[in-house]
Structures are given as C-alpha cells and as structure tokens.
Amino acid sequence: MADTMQFDLVSPEKRLASAEASEVRIPGTEGDMTAMPDHAPTITTLRPGFVRVVSNGTEDEYLVVGGFAEVTATSVSVLAEKAFKRDGARKEDLEAILTEAREHRDKQAGPDRDMADRFVADLVHMLELMA
Amino acid sequence: MPSLKDLKNRIASVKSTRKITKAMQMVAAAKLRRAQEAAEASRPYTERFNAVMAGLSAAASGSDSAPKLLSGTGEDKVHLLVVMTAERGLCGGFNSSIVKLARAKILDLRRKGKTIKILTVGKKGRDQLRRDYGDLLIGHVDLSAVKRLSYPDAQGIAKDILSRFEASEFDVATIFFSRFESVISQIPTETQIIPAKFEDEGDSEATTVYDYEPSEEEILADLLPRGVATQIFSALLENGASEQGARMAAMDNATRNAGDMIEKLSIQYNRSRQAAITNELIEIISGAEAL
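Residues numbered from 1 in each chain as written. Chains lettered and ligands numbered in written order. Predicted model: local features only at pLDDT ≥ 70, side-chain atom pairs only at ≥ 80, totals over all residues.

Enquirer: Explain the overall build of chain A to me, and be specific about the residues and the numbers.
Expert: Helices and strands together make up the secondary structure of chain A, namely two helices and eight strands. In terms of C-alpha radius of gyration, chain A reaches 15 Å, essentially the compact-globule figure of 14 Å for 131 residues. Principal-axis analysis of the C-alpha atoms places the extent of chain A at approximately 50 × 30 × 25 Å. Each of the 131 residues in chain A was classed as buried or not, and the buried ones make up 35%. Partitioning the contacts of chain A with sequence separation of at least 6, the portion at a separation of at least 24 is 49%. (Helix = DSSP H or I, 4+ residues; strand = E, 2+ residues; numbered from the N terminus. Rg over C-alpha atoms; globule rule 2.2 N^0.38 Å. Buried ≥ 20, exposed ≤ 12 C-beta atoms within 10 Å, placed from the backbone. Contact = placed C-beta atoms within 7 Å.)

Enquirer: Describe the sheet that holds strand β2 (residues 115–121) of chain B, naming the residues involved and giving the relevant values.
Expert: All names here are of chain B. Reading across the sheet, the five strands line up as β3-β2-β1-β4-β5 and stay open at both edges, with mixed pairing between neighbours. Single-partner strands in this sheet number two, and they are β3 (137–141) and β5 (185–194). The mean inter-strand angle of the sheet, taken between neighbouring strand axes irrespective of direction, is 25°. When strand β1 (residues 78–84) meets strand β4 (residues 172–182), the two strands line up parallel, connected through five bridges. From the neighbouring strand, Val83 faces β4, where its bridge partner is Phe176. The strands touched by helix α6 (residues 216–290) within the sheet are β1, β4 and β5, with β4 carrying the most contacts at an inclination of about 40°. (Pairing = 2+ DSSP bridges. Axes fitted to C-alpha atoms, helices over the stretch in contact; angles between N-to-C directions.)

Enquirer: Break down the interface of chain B and chain A for me, with residues and values.
Expert: Quoted interface sizes are often the accessible area lost when the parts come together. Contacts between chain B and chain A engage 22 residues on the former and 21 residues on the latter. When residues of the side of chain B that touches chain A are traced back to their parent elements, those giving at least two are α1 (4–60), β6 (211–213) and α6 of chain B. Looking at the side of chain B that touches chain A element by element, the count peaks at seven residues for α1(B). A per-class count over the side of chain B that touches chain A returns 13 nonpolar, four polar and five charged. The pairing of strand β5 (residues 42–45) of chain A with β6(B) spans three bridges and is parallel. Bridge pairing in β6(B) places A:Ile43 opposite B:Tyr212. (Nonpolar A, V, L, I, M, F, W, Y, C, P; charged D, E, K, R; others polar.)

Enquirer: Go over the nonpolar core, please, and point to the residues and values.
Expert: Counting 91 residues, the largest nonpolar core has B:Val82, B:Val83 and B:Ile232 as its most contacted members. With 17 residues, the top contributor of residues to this core is α6(B). A domain split of this core shows at least three residues from each of domain 1 (5–87) and domain 2 (90–130) of chain A. Each residue touching B:Val83, except ones within four places of it in the same chain, is listed here: B:Ile98, B:Val99, B:Ala102, B:Ile118, B:Thr120, B:Val121, B:Gly125, B:Leu129 and B:Phe176. (Core = buried A, V, L, I, M, F, W, Y, C linked by C-beta atoms within 7 Å. Domains from an automatic or database assignment.)

Enquirer: Break down the packing of helix α3 (residues 94–111) of chain B against helix α4 (residues 123–133) of chain B for me, citing the residues and quoting the values.
Expert: Residues and elements named next belong to chain B. Where α3 contacts α4, the two axes come as close as 9 Å, and the packing angle between them is 35°. Considering only the axes of α3 and α4, their crossing is right-handed. Between α3, through Asn95, Ile98, Val99 and Ile106, and α4, the contact on the second element is made entirely by Lys124, Gly125, Gln128, Leu129 and Tyr133. For the contact of α3 with α4, a count of residues per class yields five nonpolar, three polar and one charged. (Left-handed = near helix turned anticlockwise from the far one by under 90°.)

Pasting the structure below:
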C-alpha cells in the first residue's frame, strides 16, 4: 500500500497546491471526512471550511468556499470555487463573501432557504475559527 | 505631384503611426503572456470539473428526474446566443469573425423558425450586432472596467443567464467566443452550455464507481450551475488571450506596412528633391551662358 497520495487543490483561477499527502481532511457538506491512501472513490460537495493536508509530516491548511472534492484510492482533488491559504486569506475578502451569501439567502425561500441558511452559518463559523 | 513639404509631412506622420502601432504590439505581447498564463492556470480546474461532470451527467441523463439544466426544458424553441467579444477594436478580424459565426447561427436558426435572443458580452460585438439585430438584443454585459478577469466576473454573467433560464426565457443557450490556438490562429467557436453537454475526454475515469455524498442528484443540482460559470470563465479567458494574440498580429502587420510606406515615400521625396536641384542647376547654367 502506498502511504501517500496525490493531492491537488485548484480554484478556477489557479492551482493552489499540488503535493504528495498522507492525509487530507475535507469539509464535506454532510460532515468532515479524512481521506487517506486507498480511500474508496468518493465525490462530495464542500461546505465552507478548512481543508487540512498532512504531507511529509507538515500540516497545511486552506480555506475553501463552494465546490467539490473527488477522492480516489491514489489521489484527492479539491475543486473549490474560492480557496485561500489559511494565513494568506484576507479578512475583507471573506467578509465580502459572507455579505454576498447573506444577500443571496434573503432572496431564497423554502428548502433553498434552509440550504442558504446553512451556508451562511458555516461561513460565520469559519470566520470565527479564523479570528 | 505633391510638393516636397507635403511629402516630408506625410513621412513624419507615417513614422509616428508606426511608433504607435509598434507600441501597441508590444503592449499586446505583454498582455498576451498574462492572458495565456491566466488561461493555463484555469485549465486544471476546468478539466477536472468536466471529467467529473461527464461521469455524473452520463449517469443522470437517462433518468426522468434529471435537472433541467442537463436535460433541457423539453423544448427547442427559444435560443439564447451569448456573443462574447472584446471591449476594444484594432485587433484584426477578431471581433468580426466571432460576430460572423453568430450571424451564421442566427440565419440558420431563423430558417428553422426558432425565436432568437442575444446577450452580448463586450462592446464591439454589441455594436456590430445592433445594426441588424437590434430587436433581438436582450442584454449586455459590460466588462470594460475589468482590468483582470476573475472568476466572479464569470459568475455574474452565469447568474444572469441562469435567472433568465429559470424564468423560462429560453430553452437553449449557446456561447460564442474565440478559442486561442496560437498568436496567428484564433478559432471562433460556439459551445452549447444549456442544456449542458460535457465532453468526456478520458473515458478511463468513467469506469470508476464513486460513492456520492450527498446523493448523486443533489451533487448534480449543486454543480450544474457552477458548470455554467466554469464554462463562461474559460471562454472569457480564451477570448482574452485570443484578443491579445489577434491584436499583436494585426499591429505587427501595421508596423510592417508603415515601414514599407515610409520607404516608398522616402524614395519619392529624394527623387523630387534631386529633380528640383537639377532644375535649379540647369537654370543657373543657362543663365550664365546667356550673359
């Protein structure tokens, strides 16, 4: 069994990370999951949160908002609509995202509203963790 | 026969034109590099995205509950053409070739009796289409203030298109843009974005059976709107690179033409100057002989 797998984090604008990782924690919509080599092939959507990558014993953290992750036995690809390195994220950017999400939520109704509410709550939680 | 002074002025003016086109060429070259980098940087995302969507949509398109964005509205009456062009001219046939492709599509759809709506991105395309199809234009996206294309720009356009789709304003959406092949070749392209079609490039991926979290349908419903934005974003980036490539080639041509013209004018200038001198000499000599 290989003890590492290929990890890629890409956003539409650039590739943020590409490394050999031994462990990746992904904030899935239905709960966090940790992918390790030989994980069952899975596709999950993301909720706003942190992706934690362990590679060569060092840990990196990234902020992701929206998108999905594809896990196979040998690789993890996280495709995030917005992604930042945890220390590189600017507070203004995140707050802009939050404001936009709130505006979007206020226009929704029914089940969409619940989804949007959760999205906003996740964002707020993420921002709290940042502070 | 223009006078010496006229010729001199013309040479000076062509020279300054050459300076301008030369500068524009160099600016375009620098911008092209940046645009190409941006296009390249977005490629990993787009490719992975399309591969996953191809797998998902192949599985879902058979079922009746497939989302409308994938299966269509069941009708094929109203077509939305999204014509993406540049905000500026002076880039050779770049804008016209995109518009030409769109025109051909319009004629074709008209013959089939479809209703057509046009959404333009970029001022030049709007200006050209407004002349003939002003009544079909339903909107325009202005990107002239945008210095560097970013994903939110594409999301904005996608949001506009999606809200029109939800309001049942059209059945089929097609985007027109120019694919960047090389500096000398940009290929005008049309791509249907709604109902979504994803080309599966590597079919080895498709054989993997994935677990889906949440369910396949929910993921699909979440990702399809993002797919529209992704496709628009990559089209915008390709267009950006194409525009700069086309401008670079056009300005290179212009610079060369200006050089040729300066040469021709200089020869003419020198000839007339020599003719004037000879004339004067003859006058002096014949004057001296008369004495």
